[in-house]
Structure formats: structure tokens, C-alpha cells
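Below, each chain spelled out in residue letters.
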Amino acid sequence: MTRKAAFVLLAVLATLAACATGPVAQRERRVEILLDRLNERDVEHAMEVSRIPFVFDQEIIVLERDVETLWSNLQQVGFSFANHRVRDIRPVHAGSYREFGDTMDMEVYFDKYLADDGTIVHIDTDYGRFLILVGDRRRGLPQLFGMKGPL
């Protein structure tokens, strides 16, 4: 193997390794799979990927049955993340809670309940622009901590 070929191979392997070691919540393809599954599957699946307490717009839903009712109602009215496109993926920082609401409740939620790899994903859909709050992982996909929109 020539020196140039070895360098190219090492560069490709380093790039792949960097992608594999990043948090699942910050991998665009994993977020897209999560959104696809939310579109294709039932309320039970939505509950499996949702974390409790759950943020919906500027509200914190603390009861599991209320989150289940939310997903059930959204499904009944035909809501989906139809034709979703990931616009931006941003790891959460100290002031990120303001994107969901500039309140003490949101600040405490982000500090106390959000996973260490918490990420805000900006997506465009047929129904408008949304923010989803993801972090942690289960079965190779990010968990959904909340959503806001349409913006």
C-alpha cells in the first residue's frame, strides 16, 4: 500500500470513528429514523421513545397517562412529522432552555431531567417548523424529551 493510499484510508477511518462516537442524539440519521418511526407507528411506540416528564411547547407534562393522551390525540387528528427535514442539530448549553420557554420551570427541567447529551433539533415538516428535544438513547435511537411547534 502506498503512503498516500494509507493516509486516505486512515482519514476515512478517523472520520467514521468520529461519527460513531458522537452521541446518538446528535446524529442526524438517528434523529431521522426516530421521526420516521413516530410517523409510522402507534401511540405505544411513541410512549416507548418519550421520556417522562415530557416538554410540550412551554408546558411540562409530568404524568405518563397525560403524555399518552397527548400522543393519542395527536394521532387521532392525523398529526405527523410528514416529510421532515433536519434543519439544525444543536447540543444543549446553559441558555438553551429559552428556546422552549424563558421560564424557571424550563431552566429547572433542562438542568434536572434532560440527559447529559441533550440536543435541540430544528426540523421542517409539511406542518411547519418544529423543535424536538432529544437525548440519551434506547435501542440505538435518541429518546424524545419534548417538542415545540409549529413555530
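Residues numbered from 1 in each chain as written. Predicted model: local features only at pLDDT ≥ 70, side-chain atom pairs only at ≥ 80, totals over all residues. Heavy atoms only, no water.

(A) Examining the layout of surface pockets more closely. There is about 190 Å³ of room inside the largest pocket. Contributing to the lining of the largest pocket are Leu38, Asn39, Arg41, Asp42, Val43, Ala46, Trp71, Leu74, Gln75, Phe79, Ser80 and Phe81. Secondary-structure elements contributing two or more residues to the lining of the largest pocket are helix 2 (28-40), helix 3 (43-49) and helix 4 (64-76). Counting residues per element, the lining of the largest pocket draws most heavily on helix 4, at three residues. For the lining of the largest pocket, a count of residues per class yields seven nonpolar, three polar and two charged. (1 Å grid on protein atoms, 1.4 Å probe; cavity = no way out; pocket = protein on both sides within 12 Å on 5 of 7 lines; lining within 4 Å. Points joined across faces, edges and corners; volume = space filled by probe spheres on them. Helix = DSSP H or I, 4+ residues; strand = E, 2+ residues; numbered from the N terminus. Nonpolar A, V, L, I, M, F, W, Y, C, P; charged D, E, K, R; others polar.)

(B) Highlighting the confidence of the model for the protein chain. Counting all residues, the mean pLDDT for the protein chain is 88, and 86% of those residues have values of 70 or more. Contacts from residues 7-19, a stretch scored under 50 in pLDDT, to residues over four places away or in other chains number two contacts. (pLDDT = per-residue confidence, 0-100. Contact = heavy atoms within 4.5 Å.)

(C) Geometry of the packing of aromatic side chains. Taken as a whole, this structure holds eight aromatic pairs when the rule is applied. With a centroid separation of 5.6 Å and an interplanar angle of 70°, the aromatic rings of Phe79 and Phe130 are classed as edge-to-face. With Phe79 in the loop between helix 4 and strand 3 (85-91) and Phe130 in strand 5 (residues 128-138), the pair connects residues that are 51 residues apart, well separated along the chain. According to the relative accessible area criterion, Phe130 is buried, its value standing at 2%. Taken together, the ring pairs in this structure connect Phe79, Phe81, Tyr127 and Phe130 into an aromatic cluster. (Phe/Tyr/Trp six-rings, centres within 6.5 Å; stacked < 30°, edge-to-face > 60°. Buried < 20%, exposed > 50% of the residue type's maximum accessible area, 1.4 Å probe, protein only.)

(D) Expanded view of the side chain of Asp124. Relative to the assigned elements, Asp124 resides in strand 4 (residues 119-125). Within the local environment of Asp124, its side chain forms a polar contact with the side chain of Arg87, the two groups lying 3.3 Å apart. Filtering out sequence-adjacent residues up to four positions away, Asp124 remains in contact with Asn83, His84, Arg85, Arg87 and Arg129. (Polar contact = N/O pair within 3.5 Å; in protein donor to acceptor, adjacent residues only side chain to side chain.)

(E) Here's a closer look at the sheet that holds strand 1 (residues 50-56). Overall, mixed pairing links the six strands, which are arranged 2-1-6-5-4-3 in an open sheet. Lying at the two open borders of the sheet, with one neighbouring strand each, are strand 2 (59-61) and strand 3. Strand after strand, the sheet turns through a mean of 30° between neighbouring axes, direction not considered. One ladder, built from seven bridges, connects strand 4 with strand 5; its direction is antiparallel. The residue bridging Ile123 from the neighbouring strand is Phe130, located in strand 5. On top of the sheet, helix 2 reaches strand 3, strand 4, strand 5 and strand 6 (141-148); it is set at about 70° to strand 6, its chief contact. (Pairing = 2+ DSSP bridges. Axes fitted to C-alpha atoms, helices over the stretch in contact; angles between N-to-C directions.)

(F) Representation of the nonpolar core. Grouped together as the largest cluster of nonpolar side chains are 25 residues, with contacts concentrated most on Leu38, Trp71, Phe81, Ile123, Ile132 and Met147. Every element with two or more residues in this core is listed here: helix 2, helix 3, helix 4, strand 4, strand 5 and strand 6. Core analysis: the second largest hydrophobic core is formed by twelve residues, Val55, Tyr109, Leu114 and Phe145 among them. (Core = buried A, V, L, I, M, F, W, Y, C linked by side-chain atoms within 4.5 Å.)

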